[in-house]
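Here's the letter readout for the chains.
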Amino acid sequence: MLRGNYLATVDEKGRVKIPADFLADLRKSGKKFYVTSSGGDRAYIYPMKAWEEIERKLAKVSSHNQAKQKFLARTNYYGQVVEVDGQGRILIPPVLRESAEMKGEVDVQGQLTYLEVWNHARFLDQMKRNPITAEDEKVLDELGI
């Protein structure tokens with residue numbers, strides 16, 4: 001399981017060094033990853049096995065399904081298959097890097113089966129603007145969390 005938050009840096013070539021605690025778990029899934037976004041505000045780094053599971057689920061849905069079309073349009077636009085290099089770095093695709101303002105300091109966060117990468121300042125702003133609400137707490141309680 002991928003959990004926690006680590007500060008990292010996106011270098012001048014658009015690569016982010018994956019924190020060691022995450023890299024060991026990710027390498028168990030191989031060297032290839034799908035880096036994408038559904039909104040362009042953050043990067044999702046999926047091990048290919050996890051991304052292929054999403055694709056299998058989507059393949060069962062009608063090609064006329066609007067939600068499927070929107071999701072695929074965005075994840076394909078921002079997405080790219082990448083390999084982790086020998087130093088544990090992954091390239092953030094240029095279109096996504098620009099949209100998500102991925103330069104300098106970023107947060108790399110575990111989301112159980114994939115990672116999210118945020119521009120550090122943008123993430124802090126997003127957390128302030130979107131606090132956990134009473135409704136969120138109710139849903140979490142219903143889930144037993």
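This report concerns the structure included in the present document.

### Focus on the packing of aromatic side chains
- Inspection of every chain in the model, using the stated rule, returns nine aromatic pairs.
- Taking 5.1 Å as the distance between ring centres and 85° as the angle between the ring planes, the aromatic pair formed by Y6 and F22 counts as edge-to-face. Taken as a pair, Y6 in strand β1 (residues 5-10) and F22 in helix α1 (residues 20-27) lie far apart in primary sequence, 16 residues in all.
- Looking at F22, the relative accessible area reads 2%, which means it is buried.
- Consider the rings of Y44 and Y114, whose centres lie 5.7 Å apart with planes at 80°: the pair is edge-to-face. With Y44 in strand β4 (residues 43-47) and Y114 in the loop between β7 (104-110) and β8 (115-119), this pair connects stretches of sequence that are 70 residues apart. The residues Y44 and Y114 share a single accessibility class, namely buried.
- In textbook terms, an aromatic cluster arises when at least three aromatic residues are bridged by ring pairs, as seen for Y34, Y44, Y46, W51, F71 and Y114.

### Focus on the pairing of β4
- Most of β4 is tucked away: five of the five residues are buried.
- Relative to β4, strand β3 (residues 32-36) runs antiparallel, the two being bridged by four bridges. Looking at β4, one finds that T36 is bridged to Y44.
- Counted between consecutive antiparallel strands, the loop separating β3 from β4 contains six residues, among which G40 sits at a positive phi close to 80°.
- Pairing of β4 with β8 involves three bridges; the strand directions are antiparallel. Counted as the bridge partner of A43 is V117 from β8.

### A few points about the side chain of Q109
- Within the secondary structure, Q109 is located in strand β7.
- Judged by its relative accessible area of 9%, Q109 is buried.
- Of the polar contacts made by the side chain of Q109, one reaches the side chain of N5; its length is 3.5 Å.
- Sequence-distant contacts of Q109, defined by excluding residues within four places in its chain, comprise G4, N5, F22, Y114, L115, E116, W118 and F123.

### Structural notes on unusual backbone geometry
- Residue E101 is not a glycine yet carries a positive backbone phi of 55°.
- Examined against the element boundaries, E101 turns out to sit in the loop between α4 (94-99) and β7.
- One non-glycine residue, L112, lies in the positive phi region at around 70°.

### Structural notes on helix α2 (residues 48-59)
- For α2, which comprises 12 residues, the first-to-last C-alpha distance of 16 Å matches the rise-based estimate of 16 Å (1.5 Å per residue) to within 8%.
- For α2, the complete set of buried residues consists of M48, W51 and L58. An end-on view of α2 places all buried positions within 80° of arc, on one side of the element. Facing away from the buried side of α2 by over 90 degrees, the exposed positions are K49 and K57.
- Check the buried side of α2 and you find it contacts β3, β4, α3 (66-78) and β5 (80-83).

Procedures and definitions
- Residues numbered from 1 in each chain as written.
- Predicted model: local features only at pLDDT ≥ 70, side-chain atom pairs only at ≥ 80, totals over all residues.
- Heavy atoms only, no water.
- Phe/Tyr/Trp six-rings, centres within 6.5 Å; stacked < 30°, edge-to-face > 60°.
- Helix = DSSP H or I, 4+ residues; strand = E, 2+ residues; numbered from the N terminus.
- Buried < 20%, exposed > 50% of the residue type's maximum accessible area, 1.4 Å probe, protein only.
- Pairing = 2+ DSSP bridges.
- Polar contact = N/O pair within 3.5 Å; in protein donor to acceptor, adjacent residues only side chain to side chain.
- Contact = heavy atoms within 4.5 Å.
- Expected span 1.5 Å × (residues − 1).
- Arc of directions from axis to C-beta.

Nothing here speaks to function; it is all geometry.
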